[in-house]
Structure formats: C-alpha cells, structure tokens
Protein chains: 2
Amino acid sequence: MELFEATIHIRDRCICLHAQRAARALARRFDDALRPHGITSGQFSLLNVLNRPEPVSMGPVAKFLAMDRSTLTANLKPLERNGLIRIEVDPDDRRGRKLSLTAEGRKTLRAAMSIWKKEHAELEREIGIDADLLRAGLRTIA
Amino acid sequence: MELFEATIHIRDRCICLHAQRAARALARRFDDALRPHGITSGQFSLLNVLNRPEPVSMGPVAKFLAMDRSTLTANLKPLERNGLIRIEVDPDDRRGRKLSLTAEGRKTLRAAMSIWKKEHAELEREIGIDADLLRAGLRTIA
DNA sequence: TAATATTCTATTGATATCAACCAATTGAGG
DNA sequence: CCTCAATTGGTTGATATCAATAGAATATTA
C-alpha cells in the first residue's frame, strides 16, 4: 500500500505535526507550572509582550505573536476582566487601542517569572545543547 | 527596571512562546494550502494517524498526538460528520472505540497528500539544512 | 463472587484559534 | 471639503484545547 507508506513518511517528518505536538506538550507543561498564579502559558507570554515602558496597540502585538487580530481580542478579555491589563482607546487614532499592564498585572507577572525561570531551566536541561538551534529553527518559521 | 529586562529575556528565549508562535504560523500556512480539500492541517495529521491497516483506539492516538483524550473526542466529530472516518465500539472492550478511515477519507487523504508534499518541500527549503535538527528538537519535547 | 479500583470515553465550561464579515476611523485624491 | 480606499478592532461561527467531572465497562482483590 503506497498510501500507507506515504502516511508513515508524513507521520515521521511533517514539521507542522511535530510543531503542534510540541506546542501542546509545552503549553500543558507551563500551564501546570503557572496554575498557582492563575494564568496560563499563553497569558504569561501575552503579559510579557505587554510589559513595556509605553502602551502598545494591538496590531504589533498580534504580529509579534504570529496571531490573528481577532484571537488577540479574545485573549485580552480574561486578562482585562481579572484586572491584569488595561485597554484604552488611543486618543491619537480612535480606531486603535492602547494596551498596558496594571499594577496587579505587573505583580502577577513578577511572581510568574520565578516559576518560568525554574521550569524553563529544567526544560533546557532536558533539551540539551540543542536549545539554541531549536529556538533558531522556530524563529525561522514564525 | 529589572522587570522589563526580565521580560526582554523571556520574549527572546522562551521556548514555549517560540513553539506556540511557530505552531500558529504553520497551522495557518497548511490550513490555507489544504483548504481546497476541505480539511485543516490538524485534520490532515489526524487522518494520517488513523490511516493504518487495523483500526486504532483513541488512547494511543491521543498519546501519539500529545493531545488530551477529550480533545481527540472533539476533533473526531467533524471528520465523522463529513464521512471521512468511522467510530465503532470495540467489541472486545466495550469501553473503547475503534477508529478507521472510510473510503472517502482515504480519497481525501490521498488528494491532500500531494498538497502536503509540495508545501512541505517549500517549507524545508525555507528552513534550510536545519530541518532535521528542528524535527529532532521538537521530538525531544513532545 | 462481591466490592473496589482502574481504564476508557464523553460532556461541560472556559479559553484559544482563525476566517469572514462588519463598523468606525483615518488617509489620499480630486 | 468629499468621496473612496485602507487601516484598526470587534463580532460571529466553527473548530481546537484542556481540566474536571461523570458514566460505563473491565480488572483486581478480598
């Protein structure tokens, strides 16, 4: 069966499949680690992107995260509801929004960082010396 | 601000963030490519996993995909509704299900494979010689 | 064999993800 | 100015994702 052989090849080599699988495993892992602080791995990443000296608008954030704008809209909601971020109309361009962390958001971010540091060090240990290569490869894709 | 510096470090180095970003970009890319055949990149992967000489049960499939079992339950629904797969109670263990492709599923899979081949070759070209290293790194994680 | 534990899947509720479409605003030409 | 195009987010509908929980069937053990 050539169809079956092709399937074997794809299961072994498809980078998209491998990436989704790794993304799921990593998200679960960091979700678990961050759960005591009430945020997910995705929310942690988003808080980091929003932690800037000056407020950002949504476009650049979505682009940095390689995420659809409407996905970002959705992802902001629980963070705003929980008081971790602020969403304000940009006075200079009333179509846009200015996103920033609240004091509470910075507090949560700071606390979550220590968890991240520990968990990520352990992850890099498991990956071995290839961690930099892996990052580089992922950056090429996204 | 040390908090800001820590954020920069995380944005640059967090493997979880890089993986999610790459996963989103790749999913969009293959979703686009496969759209003419009416399936997504995730459904394509799932069809490949289900394309075996003998039916499989859900547990091993979920494990192979590094996916929660309940996620798999959800993912099977549109495929079954569209007639691409069959879900049957395992007569030897009536808790379990036996999953298999229908003729229609095999037909769709075969057609989608040619798209995958083209798109994946282009992707590997873009990634360069690191494609094998990237795969290896992703496999270590998942 | 009966009671208990384990395994397998489904369901629910919350968030994540994207495409398609829409509304409001701004910008560019005329 | 005024029209029209482009930009910026939001909304909706479908699928994806997981934790928690529940139900059914099997396996274990007393």
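Since this is a predicted model, take the numbers as computed values, not measurements.

Calculation rules
- Residues numbered from 1 in each chain as written.
- Chains lettered and ligands numbered in written order.
- Predicted model: local features only at pLDDT ≥ 70, side-chain atom pairs only at ≥ 80, totals over all residues.
- Heavy atoms only, no water.
- Least-squares fit on C-alpha atoms with pLDDT ≥ 70 in both.
- Contact = heavy atoms within 4.5 Å.
- Helix = DSSP H or I, 4+ residues; strand = E, 2+ residues; numbered from the N terminus.
- Expected span 1.5 Å × (residues − 1).
- Buried < 20%, exposed > 50% of the residue type's maximum accessible area, 1.4 Å probe, protein only.
- Salt bridge = Lys/Arg side-chain N within 4 Å of Asp/Glu carboxyl O.
- Phe/Tyr/Trp six-rings, centres within 6.5 Å; stacked < 30°, edge-to-face > 60°.
- Lys NZ or Arg CZ within 6 Å of the ring centre and 35° of its normal.
- Near = heavy atom within 4 Å.
- Polar contact = N/O pair within 3.5 Å; in protein donor to acceptor, adjacent residues only side chain to side chain.

S.K.: Looking at this structure, how should I read the relation of the copies chain A and chain B?
M.R.: What relates the two chain copies is a rotation about an axis together with a slide along it. For the match of chain A to chain B, the screw axis carries a shift of 0.0 Å, the RMSD comes to 0.0 Å, and the turn is 180 degrees. One copy is carried onto the other by what is essentially a two-fold rotation axis. Residue Leu134(A) of chain A places its C-alpha closer to the rotation axis than any other residue of that unit, at 2.8 Å. The overlap is high: 100% of the interface residues of chain A also sit at the interface in chain B, so the same surface is used on both sides.

S.K.: Is there a simple way to explain helix H2 (residues 15-34) of chain B in this structure?
M.R.: Residues spaced three or four apart along an α-helix point in a common direction, a consequence of the helix completing one turn every 3.6 residues. The end-to-end C-alpha distance of H2(B) is 28 Å, a good match for the 28 Å that 20 residues give at a rise of 1.5 Å each. Within H2(B), 15 of the 20 residues are buried, which leaves it mostly tucked inside the rest of the structure.

S.K.: Explanation requested: the environment of Arg28(A) in the structure shown.
M.R.: Relative to the helices and strands, Arg28(A) is located in helix H2 (residues 15-34). Considered as a pair, Arg28(A) and Asn82(A) are 54 residues apart in the sequence and their alpha carbons are 21 Å apart. Non-local contacts of Arg28(A), meaning those with residues more than four positions away in its chain, are made with Ala66(B), Met67(B) and Asp68(B).

S.K.: Help me out: how do you make sense of the pattern of salt bridges in this one?
M.R.: A side chain with one charge may pair with a side chain of the opposite charge, provided their charged atoms come close. Evaluated as defined, the whole model comprises 18 salt bridges over all chains. Glu122(B) is paired through a salt bridge with Arg125(B); the nearest N and O atoms lie 2.7 Å apart. Of this pair, Glu122(B) and Arg125(B) both sit in helix H6 (residues 103-127), 3 residues apart, which is roughly one turn of that helix. On the basis of relative accessible area, Glu122(B) is assigned to the partly exposed category, the value being 29%. Arg125(B) gets classed as exposed once you look at its relative accessible area, which sits at 58%. One salt bridge in this structure joins Glu124(B) and Arg135(B), with 3.0 Å as the shortest N-O distance. Taken together, the residues span a long stretch of sequence, with Glu124(B) in helix H6 and Arg135(B) in helix H7 (residues 131-141) at a distance of 11 residues. Note on Glu124(B): relative accessible area 23%, which makes it partly exposed. On the accessibility criterion, Arg135(B) (3% relative accessible area) is buried. Salt bridges sharing partners connect three or more residues here, namely Arg13(A), Glu124(B), Asp132(B) and Arg135(B).

S.K.: Sorry if this is basic, but what is going on with the packing of aromatic side chains here?
M.R.: The relative placement of two aromatic rings is captured by the distance of their centres and the angle of their planes. Enumeration according to the criterion identifies 0 aromatic pairs over all chains in this entry. Positioned above the aromatic ring of Phe64(B), the side-chain terminus of Arg21(A) is 4.8 Å from the ring centre.

S.K.: Teacher, can you tell me more about the protein's contact with DNA strand D here?
M.R.: Taken together, 27 residues lie around DNA strand D, and Arg24(A), Arg28(A), Thr73(A), Arg95(A) and Asn75(B) are the ones closest in. Of what DNA strand D places within 4 Å of the protein, 76% of the atoms are sugar or phosphate. Between Arg28(A) and DNA strand D, the recorded distance is 2.5 Å, taken from a side-chain N or O atom to a phosphate oxygen. Within the backbone of Gly59(A), an N or O atom sits 3.2 Å from a phosphate oxygen of DNA strand D.

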